[in-house]
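Residues per chain, in single letters:
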Amino acid sequence: MKKSLTFLLALVAACTLSARSFDGTQKIYLKANAVSWWTNDNCVQRAVLDNTTAVIGVIEDQERSIYAFTLPADDYTTIRFERCESAEAAAWNATGEIVIPDEGDYVTAFDQNSATATWTTYVPVGELVYNTYHIYVTNNTGWEAFYLYEWGSPNEISGGWPGADGSDFAFQVAEGENCALHLIFHNNVGEGVEGDRRVLFDITEARDYALVVSDTEAIEAPLPSAVNTLSQPTADGRKRIANGQLIITRDGRTYNALGTEIK
């Protein structure tokens, strides 16, 4: 009896999903690199509507890895995104059956085999508003060389490998866009080479960060108001690098990257 009731409830839920009408000109957009490897191997991006109608994606914004799918005129309830070798080939990977909401046309987050996705409204790049954030780094590693390399979204902020040295790294994120940066602090010896040192840290929110990096880990530290104030250029505030660390001078006082006054 319990199994029958569960099946009945699932059937009722499926029947109550409302379809959304499309006129043949409207598009659904996918931020394909929300899953970092989703665009690898020069694959084709495909969407399948109601598990029946296939639509091939066309690159809309190369810089942001956004694909556009123009939906044929009809009413649709679900969409499944796939990556495949060709338009007719079986999918290498696919999402679950994602419910198309009443509003929104841009999927900014998704996952393989999952019917969960984040929807918003697509904004062309010319209309985007970008906010600037900082990663303040205190280097406690003792390494002879110290670099930050990152991959993910937004795109690289310190260039290709090995990245850049320093202690104040700025990155920009467009309003409404995801932030998923994978940081690699390293000594540029070379992967697999004796003496190679690496410390990893993931950023998932668009905001300022203060990180203390040791030989074994990167720990997020409090971001005092002093740092927030000094992160913006001011007439009487100056930044400099000393011994690989960010030193900030303001109003005759000296602070480190974490906002602690140095006396």
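Since this is a predicted model, take the numbers as computed values, not measurements.

Points about the overall build of the chain
Okay, so step 1: Of regular secondary structure, the chain possesses two helices and 23 strands.
Okay, so step 2: For the chain, the residues scored as buried account for 40% of the 263 residues in total.
Okay, so step 3: For the chain, the proportion of contacts with a sequence separation of at least 24, taken over those separated by at least 6, is 55%.
Okay, so step 4: Of the accessible surface of the chain, which amounts to about 14300 Å², a share of 49% is contributed by carbon and sulfur atoms.

Considering the side chain of threonine 108
Okay, so step 1: Structurally, threonine 108 is set in strand 11 (residues 106-109).
Okay, so step 2: When its relative accessible area of 2% is taken as the criterion, threonine 108 is described as buried.
Okay, so step 3: If we ignore the near neighbours within four places in the chain, the residues touching threonine 108 are Lys31, Ala34, Thr118, Thr120, Gly176 and Asn178.

Focus: the sheet that holds strand 11
Okay, so step 1: Here five strands make up an open sheet; going across it, the order is 5-6-2-11-12 and the pairing mixed. Two strands in the sheet have a free side with no partner beyond their single neighbour: strand 5 (58-61) and strand 12 (118-120). Each strand axis lies, on average, 35 degrees off the axis of its neighbour in the sheet, ignoring direction.
Okay, so step 2: Bridge count between strand 2 (residues 27-31) and strand 6 (residues 66-70): five bridges; the pairing is antiparallel. By the bridge assignment for strand 6, tyrosine 29 is matched with alanine 68.

Observations regarding the pairing of strand 18 (residues 209-213)
Okay, so step 1: When you tally the buried positions in strand 18, you get four out of five residues, the bulk of the element.
Okay, so step 2: Note that strand 13 (residues 130-139) and strand 18 share five bridges and pair parallel. Counterpart to tyrosine 136 in the pairing with strand 18 is alanine 210.
Okay, so step 3: Summarising the sheet, strand 18 and strand 19 (residues 218-220) pair through three bridges and their orientation is antiparallel. Residue valine 213 lies in a different strand from strand 19, and its bridge partner there is alanine 218.
Okay, so step 4: Between strand 18 and strand 19, which pair antiparallel in sequence order, lie four residues.

Here's the deal with the state of the cysteines
Okay, so step 1: A complete count under the given rule lists zero disulfides for this structure.
Okay, so step 2: With no disulfide of its own, cysteine 84 has cysteine 43 as its nearest cysteine by sulfur position, at a separation of 7.3 Å.

Topic: the packing of aromatic side chains
Okay, so step 1: On inspection of all chains with the given rule, the structure shows ten aromatic pairs.
Okay, so step 2: Residues tyrosine 133 and phenylalanine 171 carry aromatic rings whose centres are separated by 5.8 Å and whose planes lie at 35 degrees to one another, so their mutual orientation is tilted. With tyrosine 133 in strand 13 and phenylalanine 171 in strand 15 (residues 168-174), this residue pair connects regions lying 38 residues apart in the sequence. Of the two residues examined, tyrosine 133 and phenylalanine 171, each falls in the buried class.
Okay, so step 3: Ring geometry for tyrosine 149 and tryptophan 161: centres 5.1 Å apart, planes at 65 degrees, overall edge-to-face. Of this pair, tyrosine 149 sits in strand 14 (residues 147-153) while tryptophan 161 sits in the loop between strand 14 and strand 15, and the two are twelve residues apart along the sequence.

As for the sheet that holds strand 19
Within a sheet, adjacent strands bond to each other through the backbone by hydrogen bonds, running parallel or antiparallel.
Okay, so step 1: The strand order across the open sheet built from four strands is 15-13-18-19, with neighbouring strands paired in mixed fashion. Strands with a single pairing partner mark the edges of an open sheet, and in this sheet they are strand 15 and strand 19. If you compare each strand with its neighbour and ignore which way they point, the axes differ by 30 degrees on average.

A word on the pattern of salt bridges
Okay, so step 1: A complete count under the given rule lists nine salt bridges for this structure.
Okay, so step 2: Arginine 207 is the salt-bridge partner of glutamate 220, the closest N and O atoms lying 2.7 Å from each other. Taken together, the positions of glutamate 220 in strand 19 and arginine 207 in the loop between strand 17 (198-203) and strand 18 put the pair 13 residues apart, joining distant regions of the chain.
Okay, so step 3: Its relative accessible area of 34% is what places glutamate 220 among the partly exposed residues.
Okay, so step 4: Here the salt bridges do not stand alone but share partners, grouping Arg46, Arg80, Glu82 and Glu97 into one network.

Remarks on the environment of proline 72
Okay, so step 1: With respect to the element layout, proline 72 can be found in the loop between strand 6 and strand 7 (74-76).
Okay, so step 2: Along the chain, proline 72 and glutamine 26 lie 46 residues apart, while their C-alpha atoms are 8.3 Å from each other.
Okay, so step 3: If we skip the residues at most four places from it in the chain, proline 72 touches Phe22, Gly24, Leu49, Thr53 and Val55.

Observations regarding the confidence of the model for the chain
Okay, so step 1: Averaged over all residues, the pLDDT of the chain equals 82, while 78% of them reach at least 70.
Okay, so step 2: Note on residues 1-15: pLDDT under 50 across the span, and zero contacts to partners over four residues away in sequence or across chains.
Okay, so step 3: Here residues 226-237 is modelled with pLDDT under 50, and outside its nearest four sequence neighbours on either side it reaches 24 contacts, counting other chains as well.

The rules behind these values
Residues numbered from 1 in each chain as written. Predicted model: local features only at pLDDT ≥ 70, side-chain atom pairs only at ≥ 80, totals over all residues. Heavy atoms only, no water. Helix = DSSP H or I, 4+ residues; strand = E, 2+ residues; numbered from the N terminus. Buried < 20%, exposed > 50% of the residue type's maximum accessible area, 1.4 Å probe, protein only. Contact = heavy atoms within 4.5 Å. Areas by Shrake-Rupley, 256 points an atom, 1.4 Å probe, with all protein chains shown as cover. Pairing = 2+ DSSP bridges. Axes fitted to C-alpha atoms, helices over the stretch in contact; angles between N-to-C directions. Disulfide = S-S within 2.5 Å. Phe/Tyr/Trp six-rings, centres within 6.5 Å; stacked < 30°, edge-to-face > 60°. Salt bridge = Lys/Arg side-chain N within 4 Å of Asp/Glu carboxyl O. pLDDT = per-residue confidence, 0-100.

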